[in-house]
Amino acid sequence: MMETIAVLFLALGCCLCEPQNSGHIQQSGGSTSSCIPCSCPKDDDHLARKVALLESKVQKTEKEVSELRSLVEGRPQVAFSAALLDSGNGNVGPFPGATPLKYKKVFSNTGSGYNPSTGIFTAMVKGMYFFRLSMFNQQIPTPRSVVNLMKNSQIVATIWDMGGTDLNDTGSNAVVIPLDVGDNVYVQLMAAAIIYDDSNLSLTTFTGFLLFTM
(Lines give C-alpha, C1' and ligand atoms only; values in the text may rest on other atoms or scores of the structure.)
Protein backbone atom coordinates (compact mmCIF):
# COMPACT_ATOMS: atom_id res chain seq x y z
CA MET A 1 0.00 0.00 0.00
CA MET A 2 2.83 2.44 0.85
CA GLU A 3 4.61 1.72 -2.46
CA THR A 4 1.41 2.52 -4.37
CA ILE A 5 1.03 5.84 -2.53
CA ALA A 6 4.62 6.80 -3.33
CA VAL A 7 4.25 6.01 -7.05
CA LEU A 8 1.03 8.01 -7.30
CA PHE A 9 2.57 11.06 -5.66
CA LEU A 10 5.64 10.96 -7.90
CA ALA A 11 3.52 10.43 -11.03
CA LEU A 12 1.35 13.41 -10.15
CA GLY A 13 4.45 15.48 -9.52
CA CYS A 14 5.53 15.13 -13.15
CA CYS A 15 2.34 16.80 -14.35
CA LEU A 16 2.16 19.54 -11.76
CA CYS A 17 5.19 21.49 -12.95
CA GLU A 18 4.70 24.63 -15.04
CA PRO A 19 6.74 24.82 -18.25
CA GLN A 20 9.87 26.97 -18.23
CA ASN A 21 8.73 28.89 -21.34
CA SER A 22 5.51 29.89 -22.98
CA GLY A 23 5.73 27.27 -25.72
CA HIS A 24 3.59 24.16 -25.97
CA ILE A 25 4.49 20.64 -27.02
CA GLN A 26 2.68 19.38 -30.11
CA GLN A 27 1.01 16.04 -29.57
CA SER A 28 0.28 13.44 -32.23
CA GLY A 29 -3.35 14.54 -32.62
CA GLY A 30 -2.42 18.10 -33.36
CA SER A 31 -3.56 19.40 -29.97
CA THR A 32 -1.31 21.04 -27.47
CA SER A 33 -0.91 20.40 -23.77
CA SER A 34 0.49 22.58 -21.04
CA CYS A 35 1.18 19.54 -18.88
CA ILE A 36 4.65 18.52 -19.89
CA PRO A 37 7.24 16.30 -18.33
CA CYS A 38 9.87 18.42 -16.72
CA SER A 39 12.49 18.39 -14.04
CA CYS A 40 11.48 20.34 -10.94
CA PRO A 41 13.97 19.52 -8.18
CA LYS A 42 12.31 21.69 -5.56
CA ASP A 43 8.85 20.18 -6.14
CA ASP A 44 10.29 16.67 -6.25
CA ASP A 45 12.01 17.18 -2.89
CA HIS A 46 8.80 18.55 -1.38
CA LEU A 47 6.77 15.60 -2.64
CA ALA A 48 9.40 13.15 -1.45
CA ARG A 49 9.22 14.61 2.05
CA LYS A 50 5.43 14.34 2.00
CA VAL A 51 5.58 10.71 0.85
CA ALA A 52 8.11 9.88 3.58
CA LEU A 53 5.87 11.48 6.21
CA LEU A 54 2.81 9.63 4.89
CA GLU A 55 4.68 6.32 4.90
CA SER A 56 5.71 6.91 8.52
CA LYS A 57 2.11 7.62 9.54
CA VAL A 58 0.86 4.52 7.71
CA GLN A 59 3.46 2.35 9.44
CA LYS A 60 2.47 3.74 12.84
CA THR A 61 -1.22 3.18 12.15
CA GLU A 62 -0.62 -0.38 10.95
CA LYS A 63 1.37 -1.11 14.13
CA GLU A 64 -1.39 0.28 16.37
CA VAL A 65 -4.05 -1.74 14.52
CA SER A 66 -1.94 -4.88 14.87
CA GLU A 67 -1.51 -4.31 18.62
CA LEU A 68 -5.24 -3.74 19.12
CA ARG A 69 -6.08 -6.83 17.08
CA SER A 70 -3.73 -8.96 19.18
CA LEU A 71 -5.52 -7.81 22.34
CA VAL A 72 -8.93 -8.83 21.04
CA GLU A 73 -8.57 -11.68 18.56
CA GLY A 74 -7.96 -15.11 20.05
CA ARG A 75 -8.28 -13.96 23.63
CA PRO A 76 -10.73 -16.08 25.64
CA GLN A 77 -13.54 -14.13 27.28
CA VAL A 78 -14.63 -15.54 30.64
CA ALA A 79 -16.78 -13.68 33.16
CA PHE A 80 -19.77 -14.39 35.37
CA SER A 81 -21.74 -12.74 38.14
CA ALA A 82 -24.72 -14.04 40.11
CA ALA A 83 -26.81 -13.38 43.22
CA LEU A 84 -28.00 -16.05 45.65
CA LEU A 85 -31.78 -15.79 45.19
CA ASP A 86 -33.67 -15.28 41.94
CA SER A 87 -37.03 -14.75 43.66
CA GLY A 88 -38.28 -13.78 47.11
CA ASN A 89 -36.09 -13.18 50.14
CA GLY A 90 -34.97 -14.97 53.28
CA ASN A 91 -32.30 -17.12 54.86
CA VAL A 92 -30.47 -19.98 53.17
CA GLY A 93 -29.41 -22.68 55.63
CA PRO A 94 -28.63 -23.98 58.12
CA PHE A 95 -27.44 -27.32 56.74
CA PRO A 96 -25.99 -30.22 58.73
CA GLY A 97 -22.74 -30.11 56.76
CA ALA A 98 -20.71 -27.71 54.64
CA THR A 99 -22.74 -27.01 51.48
CA PRO A 100 -21.92 -25.28 48.17
CA LEU A 101 -24.19 -22.29 47.62
CA LYS A 102 -26.19 -22.16 44.39
CA TYR A 103 -26.30 -18.58 43.12
CA LYS A 104 -29.43 -18.70 40.97
CA LYS A 105 -29.88 -15.11 39.75
CA VAL A 106 -27.33 -14.96 36.93
CA PHE A 107 -26.41 -11.48 35.71
CA SER A 108 -23.81 -12.66 33.20
CA ASN A 109 -22.06 -15.88 32.23
CA THR A 110 -19.74 -15.24 29.30
CA GLY A 111 -17.96 -18.45 28.42
CA SER A 112 -20.56 -20.54 30.31
CA GLY A 113 -18.07 -21.47 33.02
CA TYR A 114 -20.55 -20.95 35.87
CA ASN A 115 -23.27 -23.53 36.51
CA PRO A 116 -26.24 -22.10 38.49
CA SER A 117 -27.54 -25.63 39.11
CA THR A 118 -24.47 -26.47 41.21
CA GLY A 119 -23.07 -23.04 42.11
CA ILE A 120 -19.69 -24.12 40.74
CA PHE A 121 -17.45 -22.26 38.30
CA THR A 122 -15.23 -24.55 36.22
CA ALA A 123 -12.18 -23.13 34.48
CA MET A 124 -12.07 -23.96 30.77
CA VAL A 125 -8.94 -21.86 30.21
CA LYS A 126 -5.69 -21.91 32.16
CA GLY A 127 -5.03 -18.44 33.53
CA MET A 128 -5.14 -15.90 36.33
CA TYR A 129 -8.64 -15.19 37.66
CA PHE A 130 -10.32 -12.64 39.90
CA PHE A 131 -13.09 -13.74 42.28
CA ARG A 132 -15.25 -11.75 44.69
CA LEU A 133 -17.98 -12.84 47.09
CA SER A 134 -20.28 -10.82 49.32
CA MET A 135 -22.43 -11.90 52.26
CA PHE A 136 -25.42 -10.39 54.05
CA ASN A 137 -27.20 -11.55 57.20
CA GLN A 138 -29.88 -10.41 59.59
CA GLN A 139 -29.37 -10.37 63.33
CA ILE A 140 -32.73 -11.93 64.19
CA PRO A 141 -32.07 -14.55 65.39
CA THR A 142 -28.40 -14.06 66.25
CA PRO A 143 -26.68 -15.53 63.21
CA ARG A 144 -23.75 -17.77 62.64
CA SER A 145 -22.77 -16.80 59.11
CA VAL A 146 -19.61 -18.32 57.68
CA VAL A 147 -18.86 -18.74 53.97
CA ASN A 148 -15.65 -19.95 52.32
CA LEU A 149 -14.41 -19.39 48.80
CA MET A 150 -13.20 -22.81 47.68
CA LYS A 151 -10.73 -23.85 44.98
CA ASN A 152 -11.45 -27.51 44.49
CA SER A 153 -11.37 -28.75 48.11
CA GLN A 154 -9.14 -26.00 49.50
CA ILE A 155 -10.32 -22.89 51.37
CA VAL A 156 -9.02 -19.76 49.62
CA ALA A 157 -10.83 -16.97 51.52
CA THR A 158 -13.49 -16.61 54.22
CA ILE A 159 -16.21 -14.21 55.39
CA TRP A 160 -17.75 -14.74 58.81
CA ASP A 161 -20.04 -12.99 61.28
CA MET A 162 -21.03 -14.33 64.70
CA GLY A 163 -23.52 -11.70 65.75
CA GLY A 164 -23.63 -8.13 66.99
CA THR A 165 -25.89 -5.38 68.27
CA ASP A 166 -26.97 -3.96 64.88
CA LEU A 167 -29.88 -5.25 62.80
CA ASN A 168 -27.78 -6.76 60.01
CA ASP A 169 -24.24 -7.19 58.79
CA THR A 170 -22.54 -7.47 55.44
CA GLY A 171 -19.07 -8.48 54.38
CA SER A 172 -17.03 -9.23 51.27
CA ASN A 173 -13.73 -10.70 50.18
CA ALA A 174 -11.78 -10.98 46.93
CA VAL A 175 -8.79 -12.88 45.57
CA VAL A 176 -6.69 -13.27 42.44
CA ILE A 177 -5.70 -16.91 41.90
CA PRO A 178 -4.28 -19.13 39.13
CA LEU A 179 -6.49 -21.88 37.74
CA ASP A 180 -5.78 -24.86 35.55
CA VAL A 181 -8.30 -26.26 33.10
CA GLY A 182 -10.89 -28.22 35.09
CA ASP A 183 -10.34 -26.46 38.43
CA ASN A 184 -13.56 -25.72 40.33
CA VAL A 185 -14.29 -22.58 42.33
CA TYR A 186 -17.39 -22.16 44.49
CA VAL A 187 -18.71 -20.64 47.72
CA GLN A 188 -19.35 -22.99 50.63
CA LEU A 189 -21.71 -22.29 53.51
CA MET A 190 -20.37 -23.87 56.69
CA ALA A 191 -22.39 -26.34 58.73
CA ALA A 192 -25.11 -24.85 60.95
CA ALA A 193 -24.60 -21.41 59.34
CA ILE A 194 -27.16 -19.16 57.63
CA ILE A 195 -26.99 -16.44 55.02
CA TYR A 196 -29.59 -13.96 53.76
CA ASP A 197 -30.53 -12.53 50.38
CA ASP A 198 -33.28 -10.48 48.78
CA SER A 199 -33.80 -11.06 45.06
CA ASN A 200 -34.76 -7.41 44.55
CA LEU A 201 -31.56 -6.15 46.17
CA SER A 202 -29.03 -8.90 45.37
CA LEU A 203 -27.22 -8.60 48.69
CA THR A 204 -25.26 -11.86 48.49
CA THR A 205 -23.26 -12.30 45.28
CA PHE A 206 -20.52 -14.35 43.62
CA THR A 207 -18.45 -12.90 40.75
CA GLY A 208 -15.41 -14.00 38.78
CA PHE A 209 -13.56 -13.31 35.55
CA LEU A 210 -10.40 -14.18 33.65
CA LEU A 211 -7.62 -11.60 33.88
CA PHE A 212 -5.20 -13.23 31.43
CA THR A 213 -4.25 -16.66 30.12
CA MET A 214 -1.14 -18.52 31.15
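From a predicted model like this one, the values you see are computed outputs, not experimental measurements.

Engineer: So, the confidence of the model for the protein: which residues are in play, and what are the values?
Structural biologist: In this model, the protein carries an average pLDDT of 81, and 72% of its residues clear a pLDDT of 70 or more. Per-residue pLDDT stays below 50 along residues 4-12; that stretch engages in 7 contacts with residues further than four places along the chain or on separate chains. Note on residues 14-28: pLDDT is under 50 here. Beyond four places in sequence and across chains, it has 19 contacts.

Engineer: Describe a nonpolar patch on the surface, and please don't skip the residues or the numbers.
Structural biologist: Taken together, the side chains of Val176, Phe209, Leu211, Phe212 and Met214 present a nonpolar region at the surface, about 430 Å² in accessible area. Looking at which element gives the most residues to the nonpolar patch, the answer is strand β15 (residues 205-213), with 3 residues. Within the secondary structure layout, leucine 211 lies in strand β15.

Engineer: Residues and numbers for the nonpolar core, please.
Structural biologist: Within the largest apolar cluster, 30 residues are counted, with the highest numbers of intra-cluster contacts made by Leu101, Phe121, Tyr129, Phe131, Val147, Leu149 and Phe206. Put simply, the parts of the chain that give this core at least two residues each are β3 (79-83), β9 (127-138), β10 (145-151), β11 (154-161), β12 (168-179), β13 (184-189) and β15. By residue number, the principal contributor to this core is β9, which donates 4 residues. Beyond its immediate stretch of four places on either side in the chain, phenylalanine 121 contacts Val78, Phe80, Gly113, Tyr114, Tyr129, Phe131, Leu179, Asp183, Asn184 and Val185.

Engineer: Lay out the packing of aromatic side chains with the relevant residues and their values.
Structural biologist: The geometry of an aromatic ring pair is captured by two quantities: the separation of the ring centres and the angle between the planes. By the definition in use, this model includes 12 aromatic pairs. Ring centres of tyrosine 114 and phenylalanine 206 lie 6.3 Å apart, and the angle between their planes is 80 degrees; on these two criteria the pair is classed as edge-to-face. You can see tyrosine 114 sitting in strand β7 (residues 114-115) and its partner phenylalanine 206 sitting in strand β15, a full 92 residues away along the chain. The residues tyrosine 114 and phenylalanine 206 share a single accessibility class, namely buried.

Engineer: Which residues make up the pairing of β11, and what values do they have?
Structural biologist: Taken together, the 7 bridges between β10 and β11 define a ladder with antiparallel strand orientation. Looking at the pairing, serine 145 lines up with aspartate 161 of β11. Linking β10 back to β11 in an antiparallel pair, the connection comprises 2 residues, with asparagine 152 at a positive phi of about 55 degrees.

Engineer: Which residues make up the environment of serine 81, and what values do they have?
Structural biologist: Counting through the fold element by element, serine 81 comes out in strand β3. Judged by its relative accessible area of 17%, serine 81 falls in the buried class. Linking serine 81 and phenylalanine 131, residues 50 residues apart in sequence, is a C-alpha distance of 9.6 Å. When sequence neighbours within four positions are dropped, the list of residues in contact with serine 81 reads Lys105, Val106, Phe107, Ser108, Phe206 and Thr207. Looking at serine 81, its side chain comes within polar contact range of the side chain of threonine 207, at 2.8 Å.

Engineer: So what about the environment of aspartate 197? Which residues, and what values?
Structural biologist: Position of aspartate 197 among the secondary structure elements: in strand β14 (residues 195-198). Relative accessible area serves as the criterion here: at 0%, aspartate 197 is assigned to the buried category. Sequence separation of aspartate 197 and asparagine 89 is 108 residues, and the distance between their C-alpha atoms is 5.6 Å. When neighbours within four sequence positions are excluded, aspartate 197 is seen to be in contact with Ala83, Leu84, Leu85, Asn89, Gly90, Ser202, Leu203 and Thr204. Within the structure, aspartate 197 has its side chain in polar contact with the backbone nitrogen of leucine 85 (distance 2.9 Å).

Engineer: Report on the pairing of β14, specifying residues and quantitative values.
Structural biologist: Neither face of β14 is exposed, since Ile195 and Asp197 on one face and Tyr196 and Asp198 on the opposite face are all buried. Of the pairings in the sheet, the one linking strand β4 (residues 89-92) to β14 comprises 4 bridges and is antiparallel in character. Across the sheet, residue asparagine 89 finds its bridge partner in β14, namely aspartate 198.

Definitions and limits used
Just so you know, the residues in each chain are numbered from 1, in the order the chain's sequence is written. Totals for whole chains, interfaces and linings use all residues, but because this is a predicted model, local features are given only for residues with pLDDT of at least 70 and pairs of side-chain atoms are given and counted only at 80 or more. The side-chain values count all of the structure's non-hydrogen atoms but skip hydrogen atoms and water molecules. What pLDDT conveys is the predictor's confidence in a given residue, as a value from 0 to 100. Throughout, a residue-residue contact means that at least one pair of heavy atoms, one from each residue, lies within 4.5 Å. Exposure above 30% relative accessible area and the lack of any salt bridge qualify a residue for a patch; like charges then connect within 9 Å, and the nonpolar side chains Val, Leu, Ile, Met, Phe, Trp and Tyr within 5 Å. Only the protein chains shown count as covering a residue, and every accessible area follows the Shrake-Rupley method with a 1.4 Å probe. By convention in these notes, a salt bridge is any Lys or Arg side-chain nitrogen within 4 Å of a carboxyl oxygen on Asp or Glu. Numbering goes from the N terminus for both helices and strands, where a helix is a DSSP run of H or I of at least four residues and a strand is a run of E of at least two. Nonpolar core, defined: a set of buried Ala, Val, Leu, Ile, Met, Phe, Trp, Tyr and Cys residues in which side-chain atoms within 4.5 Å join the residues together. Exposed residues in this analysis have more than 50% of their type's maximum accessible area, buried residues have under 20%, and partly exposed residues fall in between, with area computed by a 1.4 Å probe over protein chains only. For Phe, Tyr and Trp, where Trp contributes only its six-membered ring, two rings pair if their centres lie within 6.5 Å, and the inter-plane angle classes them as stacked under 30 degrees, edge-to-face over 60, or tilted in between. Paired strands, as defined in this entry, are two strands with at least two bridges between them according to DSSP. What qualifies as a polar contact is a pair of N or O atoms within 3.5 Å, subject to a donor-acceptor requirement within protein and to the restriction that residues adjacent in sequence count only when both atoms come from side chains.

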